[in-house]
Amino acid sequence: MTLAAVSDAGPLVHLAEIGSLELLATFDTLLVPETVYTEVEAGGVPDGVADLSYELVEANEGRVGAEELDAGERAAIAVAEGRGTVLLTDDLAAREAASDAGVEVRGSIGVIALGYGRGLLDRDEAASRMRALQRETSLFVTEGVVERGIQMLDEQ
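### Remarks on the overall build of the protein chain
Part 1 of the reasoning: A count of helical and extended segments in the protein chain gives 7 helices and 5 strands.
Part 2 of the reasoning: In sequence order, the protein chain lays out its α and β elements as β-α-β-α-β-α-β-α-β-α-α-α.
Part 3 of the reasoning: Whereas a compact globule of 156 residues would reach a radius of gyration of roughly 15 Å, the protein chain reaches 14 Å, a difference of no more than 12%.
Part 4 of the reasoning: Expressed along its principal axes, the backbone C-alpha trace of the protein chain runs to roughly 40 × 30 × 30 Å.

And the structure:
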């Protein structure tokens, strides 16, 4: 099964903060809208992004009408919807807008779980990285979400 995903800025930044960008290689195709890359670039491109295999794509974010979303999130949703890919986002409003549009969504914790499922990490390393997302990054994630992620590992 071929896995394709489009990322907004969140997972690129948050996975980089814990040295886990290589997990994005779990996806056979990784798309990054130009708008998202510009957002990431404005904050300083995280170490490791240059080593990723991804395709910069244009997006018509005007198609996504959720005004509470930034341009990068709208672009990523538009690409995911248009190409039938998974959306990678850590933003709750973006997750809801994508789900409403019928787009499958994964956050950084879901990327780690997928890396575990594909044999890139053992269970303890995956759980440790999930906890690191909560403790060591700019991502706000609750203890309950982290524990649910770890429970997902045990269910695989």
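Moving on from the coordinates now.
### Some thoughts on the sheet that holds strand β5 (residues 105-106)
Across a sheet, paired strands are connected by hydrogen bonds in the backbone, their directions being either parallel or antiparallel.
Part 1 of the reasoning: Strand order across the open sheet formed by 5 strands is β3-β2-β1-β4-β5, with parallel pairing between neighbours. Pairing within the sheet leaves two strands with one partner each, and these edge strands are β3 (55-57) and β5.
Part 2 of the reasoning: Bridge analysis of strand β2 (residues 29-33) against β3 gives 3 bridges, and the strand direction is parallel. Directly across from Pro-33, in β3, lies its bridge partner Val-57.
Part 3 of the reasoning: Against the sheet, helix α2 (residues 34-42) touches β1 (4-7), β2 and β3, its axis set at about 75 degrees to β2.
Part 4 of the reasoning: Helix α3 (residues 71-83) rests against β1, β2, β3 and β4 (86-88) of the sheet, and its axis sits at about 140 degrees to β2.

The rules behind each value
- Residues numbered from 1 in each chain as written.
- Predicted model: local features only at pLDDT ≥ 70, side-chain atom pairs only at ≥ 80, totals over all residues.
- Heavy atoms only, no water.
- Helix = DSSP H or I, 4+ residues; strand = E, 2+ residues; numbered from the N terminus.
- Rg over C-alpha atoms; globule rule 2.2 N^0.38 Å.
- Pairing = 2+ DSSP bridges.
- Contact = heavy atoms within 4.5 Å.
- Axes fitted to C-alpha atoms, helices over the stretch in contact; angles between N-to-C directions.

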